[in-house]
Amino acid sequence: GFQALAELDAAAFQKAFDTAAKSGLGLVDVSVTGTPSGPLFAGIWEAGAATGSRGSLTQGELNTWQVEAPAAGNMPIDPECYGANDDRRYAVIWKHDPAAGDWKMEYGLSRKAFQDRFNLHVEEGYRLVQVDVCSDGDAPRYGGIFVRTDGRNWFSKGDLTSAELLKAESDADKQGYRLLSVSGYLSGQESRFSAVWSQ
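For the structure given in this document, a descriptive report is provided here. Since we're looking at a predicted model, the values are computed, not measured. (Residues numbered from 1 in each chain as written. Predicted model: local features only at pLDDT ≥ 70, side-chain atom pairs only at ≥ 80, totals over all residues. Heavy atoms only, no water.)

1. Observations regarding helix α1 (residues 10-22)
The end-to-end C-alpha distance of α1 is 19 Å, a good match for the 18 Å that 13 residues give at a rise of 1.5 Å each. Where α1 is concerned, the buried positions are Phe13, Ala16 and Ala20. Down the axis, α1 shows its buried residues gathered within 60° of arc, on one side only. Looking at α1, the residues exposed on the side facing more than 90 degrees away from the buried face are Ala11, Lys15 and Lys22. (Helix = DSSP H or I, 4+ residues; strand = E, 2+ residues; numbered from the N terminus. Expected span 1.5 Å × (residues − 1). Buried < 20%, exposed > 50% of the residue type's maximum accessible area, 1.4 Å probe, protein only. Arc of directions from axis to C-beta.)

2. A look at the environment of tyrosine 177
When you line up the elements, tyrosine 177 lands in the loop between α4 (162-174) and β11 (178-187). Classification of tyrosine 177 by relative accessible area gives buried; the value is 14%. Residues tyrosine 177 and glutamate 80, 97 residues apart in the sequence, show an inter-C-alpha distance of 24 Å.

3. As for the sheet that holds strand β6 (residues 89-96)
Reading across from one edge, β4-β6-β5 is the order of the three strands in this open sheet, with antiparallel pairing throughout. Two strands lie at the open edges of the sheet, namely β4 (51-57) and β5 (74-82), each paired on one side alone. Neighbour-to-neighbour, the strand axes of the sheet open up by a mean angle of 15°, direction not taken into account. Relative to β6, β4 runs antiparallel, the two being bridged by five bridges. Residue pairing for β6: threonine 51 is matched across the bridge by lysine 95. (Pairing = 2+ DSSP bridges. Axes fitted to C-alpha atoms, helices over the stretch in contact; angles between N-to-C directions.)

4. A short note on the pattern of salt bridges
As enumerated under the stated definition, the model contains nine salt bridges in all. Between aspartate 150 and arginine 152 there is a salt bridge, with its nearest N and O atoms 2.9 Å apart. Given the relative accessible area of 34%, arginine 152 is considered partly exposed. (Salt bridge = Lys/Arg side-chain N within 4 Å of Asp/Glu carboxyl O.)

5. Remarks on the packing of aromatic side chains
Applying the stated criterion to the full structure yields 13 aromatic pairs. Aromatic pair phenylalanine 114 and tyrosine 142: ring centres 6.1 Å apart, planes at 20°, arrangement stacked. A residue pair is termed long-range when its members are at least 10 positions apart, and phenylalanine 114 in helix α3 (residues 111-123) and tyrosine 142 in strand β9 (residues 141-148) qualify at 28 residues. We note that phenylalanine 114, like tyrosine 142, is buried. For the ring pair phenylalanine 118 and phenylalanine 146, a centre distance of 6.1 Å and an interplane angle of 65° mean the geometry is edge-to-face. (Phe/Tyr/Trp six-rings, centres within 6.5 Å; stacked < 30°, edge-to-face > 60°.)

6. So, the state of the cysteines
Disulfides are covalent bonds that connect the sulfur atoms of two cysteines. This structure, assessed with the given rule, holds one disulfide. One disulfide bridge connects cysteine 81 with cysteine 134, the sulfur atoms lying 2.2 Å from each other. Negative torsions about the S-S bond denote left-handed disulfides, and the value of about -115° found for cysteine 81 with cysteine 134 makes this one left-handed. Remark: cysteine 134 occurs in strand β8 (residues 126-134) and cysteine 81 occurs in strand β5; sequence separation between them is 53 residues. (Disulfide = S-S within 2.5 Å.)

7. Details of unusual backbone geometry
Phi angles above zero are rare outside glycine, and glutamate 7 is one such case at about 60°. Mapped onto the elements of the fold, glutamate 7 is located in strand β1 (residues 2-8). Residue class for glutamate 7 comes out exposed when judged on its relative accessible area of 67%. Although it is not a glycine, aspartate 159 sits at a positive phi angle of roughly 55°. Within the secondary structure, aspartate 159 sits in strand β10 (residues 154-160).

8. Description of the sheet that holds strand β12 (residues 190-198)
With antiparallel pairing, the three strands of this open sheet are ordered in space as β10-β12-β11. Taken across any chain shown, the strands that pair with only one partner, and hence form the sheet edges, are β10 and β11. Each adjacent strand pair in this sheet contributes to an overall mean axis angle of 10°, direction not counted. With nine bridges joining them, β11 and β12 adopt antiparallel strand pairing.

Written as structure tokens, this is what we have:
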């Protein structure tokens, strides 16, 4: 009922996707890492998960998907960006759930621009449930999915070192929070993490 695969090139990932679909497994999480020889994919599949997905999208193509998704009753559950400014690409996983309620999705933003959108969406009554950051030299690009708040407590932290992430996770666990989403990336030559927790 569960499958996780990593370090697959695009052809191998597509083959794994097709095989999983025939076995009734739906893709629920994707991660893409850019390498000199091309992107490498990792994914998690779960039994019975009815999801759709698209990859290698330009920002314009993802914009179009986002505009059309609400009318089709689709809600994103995992965005992923990879590549640099001159050829950034996106992947998105979604579920068909017309009753899911309002959501917002941001992607490809500078740290300041994402913080501005974060503040705006929180003021509008949304909470962050998925975070995605992709490396771009010294200027990582940020994104995420926001849903209407349902009253539960939550918090997020960004630009954490691995030690800071482990401490934050330990503190969160003691307070009854669970990790919803984490994204690792390079900032300059340093590994950094952004994460979201919820009770």
